[in-house]
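Residue-level structure breakdown
Below, each chain spelled out in residue letters.
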Amino acid sequence: MVSTTQARDSGDAIGLTMRLREFGGKLKDNILHGGGKGPWWKLRISTIIALLVLTLGIAGRVNNVPWVEWVRVKTFDIYQRIEPRKIQNLPVGIIDIDEKSLFEIGQWPWPRTVLADLLERLAEAKAGGIAFDMVFPEYDRTSPDRIADILRGADEETLAKLRALPRSENVLADAMRKIATVVGQVGLRTPLPDGKAPPSNRSAVKGVLGTGGYPYDFITSYTAFMGNVPELEKAAAGHGIFSVSGEYDGLIRRVPLISRVGKEIRPALTLELLRTAFGSKSIFVKRDAAGISHILLQTRQGNFSIPTDSRGRIWVHYSKPDAFNTPDNSGRLYISASDIIKGRVPKEKLAGKLFVLGTSAVGLVDIQPTPISERLPGVEVHANILESIFAAYYAKQAKIQEIAKRVGAEAKAKGLKPKSPEFIALSKAANTEILLLKDEDYYLKYPPIAVAIELAMILFAGLFMTVLIPRLGPMWTLGGIVTTGLVLIGGSWYLYIEYLTLIDVTYPAIVTMSLYSVLTFANYMREAAEKKQVRGAF
């Protein structure tokens, strides 16, 4: 009985082995000889068409035509909607000229003396700094000297008293000197209006690190810059461009940290606010063969590096939109301007923070479409830029502290003395590990190698289908495509979540499915023609 069972099992194993060999032989024949339909190197019309589609797909990605760019960035938008940047307690805030502020203080624009009161309150609370997401190119019409010029029926004594009062611009300028203040400047696509002068201040961008000078062709350019009245320009600690422009579909994803008119290069509003807060005197542009790679702030503690794309733009890593017009300023960012002016905000809520002054009020708000929201106040875009930079900085510092704690724990466990050779070697290894930490590892980024990866995906998928569909058939190939596609989508999502790295799989998938459709249709037409020929033979 036992011997009969063993013989049966042995026969089943032999039969299975023979069936696997037969399947492998057929698979090899299909791949190498097309199932007896010709050698693998013989190109059919369908294969030529598929190769043409593949070539066009690769050319579209290499040249980055607008619709290809649109497809790619939409994938990244979905990632940010699903998993926005985590909300943290960061030293960034928005002073909001909201509906309540307009009701309590009056219509905009406010007298410059009111803005001076706002700066006085911030200075008293020891805020870190403030940037104006607006420009003041005209003199205040409510200034006493301007009122004296337009007031009718007043006697000369009254007019003389008005002209003797401090001008509104001087009052605001005095307040600006009490707190690090960055005035906004705007980039124009048209020439300056008659009677307007460009900004009079010298730019904080002092030079370029790397061979070849400034890569002017890579830097966002404008026709003209417009600044503020001279008194405010002179009193400000910094001057920054707050202009942002959307991409092909109008969304704000990447914002330039520097821009230019001709060869005059100026920093962005957020970059200037960071510079003044860190006590930096100069900004330098670091470049390589591909364009710009980093923006450097020279500080007392060393260079503060912000990685950018080749055009000097930062990918804004958005968090969930914040709530504004709240009665108790309960949002993470927005604080009502009137509450600060009237002293209703605790000083500890203002201390040490960098603020951007903007508005959410209806009729004044600068609405910008972003990946995280179709209607985001422009001032919140600037706040998200600052938060992205601080979040990256703190993440790197946390990693450094983690390395230091690990080394300390290891030294303690081994009982190493600070001056022992073993402790010195351990410390050197830790310092080397810290030096290898890259700033870009903590920022949302689209690395230069991503283009090569995406092109490789397109090429591999195209050649894979061109060879296999006519030989294995569409069903086997579709199974391979779906499996591979799921792996690539999972890999792309993993890189975003774990490494803040953006790799597009959408466009390679579109090219792949286009090739699949062409080859499957051609395979169907060929088989239909063969069946018709067989029927005609009988």
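So, here is what we can say about the structure in this document. Numbers given for residues are sequential positions, taken from 1 along each chain in its written order. Only residues with pLDDT of 70 or above have their local features reported here, since the model is predicted, and side-chain atom pairs are shown and tallied only from 80 upward, although totals for entire chains, interfaces and linings are computed over all residues. No hydrogens and no water enter the side-chain calculation; it runs on all heavy atoms of the structure.

Remarks on the packing of aromatic side chains
In this scheme Phe, Tyr and Trp rings, the latter by its six-membered ring, pair at centre separations within 6.5 Å, and the angle between planes marks the pair as stacked below 30 degrees, edge-to-face above 60, and tilted otherwise. Under the counting rule described, the total for this entry stands at 16 aromatic pairs. Relative to tryptophan 315, the ring of phenylalanine 76 has its centre 5.9 Å away and its plane inclined at 80°; by these criteria the two rings are edge-to-face. Separated by 239 residues along the polypeptide, phenylalanine 76 in helix α3 (residues 66-82) and tryptophan 315 in strand β14 (residues 313-315) bring together distant segments of the chain. Relative to tyrosine 216, the ring of tyrosine 214 lies with its centre 5.7 Å away and its plane at 50°, an arrangement referred to as tilted. Buried means the residue's accessible area, taken with a 1.4 Å probe over protein chains only, is under 20% of the maximum for its type, while exposed means over 50%, and partly exposed covers the values in between. Its relative accessible area of 18% is what places tyrosine 214 among the buried residues. Each residue in the set Phe278, Phe304, Phe390, Tyr393 and Tyr394 is aromatic and connected to the rest through ring pairs, giving one cluster. The secondary structure listing takes helices from DSSP runs of H or I that are at least 4 residues long and strands from runs of E that are at least 2 residues long, numbered from the N terminus.

Concerning the pairing of strand β9 (residues 258-261)
Burial along β9 is two-sided: Ile258 and Arg260 and Ser259 and Val261, pointing in opposite directions, are all buried. Sheet topology places strand β5 (residues 220-221) next to β9; 2 bridges connect them, and they run parallel. Looking across to β9, one finds that serine 221 is bridged to arginine 260. Strand pairing follows a simple DSSP-based rule, namely that at least 2 bridges must link the two strands. Across 4 bridges, β9 lies against strand β10 (residues 264-267) in antiparallel orientation. In the sheet register, valine 261 faces β10, and the bridge partner there is glutamate 264. If you look at the hairpin formed by β9 and β10, you'll find 2 residues sitting between the two strands, and glycine 262 has a positive phi there, around 65°.

Let's talk about the nonpolar core
In terms of nonpolar packing, the biggest core is built from 55 residues, with Ile258, Leu271, Leu274, Ile295, Ile306 and Ile389 touching the most fellow members. In terms of residue count, helix α13 (residues 378-414) provides more of this core than any other element does, 12 residues in total. For isoleucine 306, the residues in contact, after removing those within four places along its chain, are Leu257, Leu271, Leu274, Ser293, His294, Ile295, Ile314, Ile389 and Tyr443. Within this scheme, the nonpolar core is defined by two criteria: the residues are buried Ala, Val, Leu, Ile, Met, Phe, Trp, Tyr or Cys, and they are joined through side-chain atoms within 4.5 Å. Counting residues in hydrophobic clusters, the runner-up holds 35 residues, among them Ile97, Ala127, Ile341 and Val345. Residue contacts follow a heavy-atom distance rule, with two residues in contact if any of their heavy atoms lie within 4.5 Å.

Considering the pattern of salt bridges
Salt bridge, as used here: a side-chain nitrogen of Lys or Arg that lies within 4 Å of a carboxyl oxygen of Asp or Glu. Following the criterion strictly, the structure yields 30 salt bridges and no others. For arginine 344, the salt bridge goes to glutamate 104, with nearest N and O atoms at 2.7 Å. Note that arginine 344 is positioned in the loop between α11 (337-341) and α12 (347-350) and glutamate 104 in helix α4 (residues 99-105), a separation of 240 residues in sequence. For arginine 344, a relative accessible area of 42% gives the class partly exposed. Taking relative accessible area as the criterion, glutamate 104 reaches 32% and is therefore assigned partly exposed. The residue glutamate 433 makes a salt bridge to arginine 406 at a minimum N-O spacing of 2.5 Å.

Quick notes on the packing of helix α10 (residues 269-277) against α13
Every angle, taken between N-to-C directions, lies between 0 and 180 degrees, and every axis is a line fitted to C-alpha atoms, over only the stretch in contact when it is a helix. Contact geometry for α10 and α13: axes closest at 9 Å, N-to-C directions at 50°. Regarding the angle of α10 to α13, the classification is oblique. Our pair here, α10 against α13, has a crossing hand that is right-handed. Every residue of α13 that contacts α10 at Thr270, Leu273 and Leu274 is listed here: His382, Ile385, Leu386, Ile389 and Phe390. Each residue belonging to the contact of α10 with α13 can be placed in one class, and the counts come to 6 nonpolar, 2 polar and no charged. To sort the angles, those under 35 degrees are grouped as roughly parallel, those over 145 as roughly antiparallel, those from 65 to 115 as roughly perpendicular, and the leftovers as oblique. By definition, turning the near helix anticlockwise from the far helix through less than a right angle yields a left-handed crossing, and turning it clockwise yields a right-handed one. Residue polarity is assigned by list, with Asp, Glu, Lys and Arg as charged and Ala, Val, Leu, Ile, Met, Phe, Trp, Tyr, Cys and Pro as nonpolar; anything else, Gly included, falls into the polar class.

Structural notes on unusual backbone geometry
With an omega of 5°, the peptide bond between tryptophan 108 and proline 109 qualifies as cis. The backbone of asparagine 325 sits at a positive phi, close to 60°, despite the residue not being glycine. Note on placement: asparagine 325 falls in the loop between β14 and β15 (334-336). What makes asparagine 325 partly exposed here is its relative accessible area of 35%. Despite not being glycine, asparagine 329 has its phi angle at roughly 55°, a positive value. The class for asparagine 329 is buried, based on a relative accessible area of 8%.

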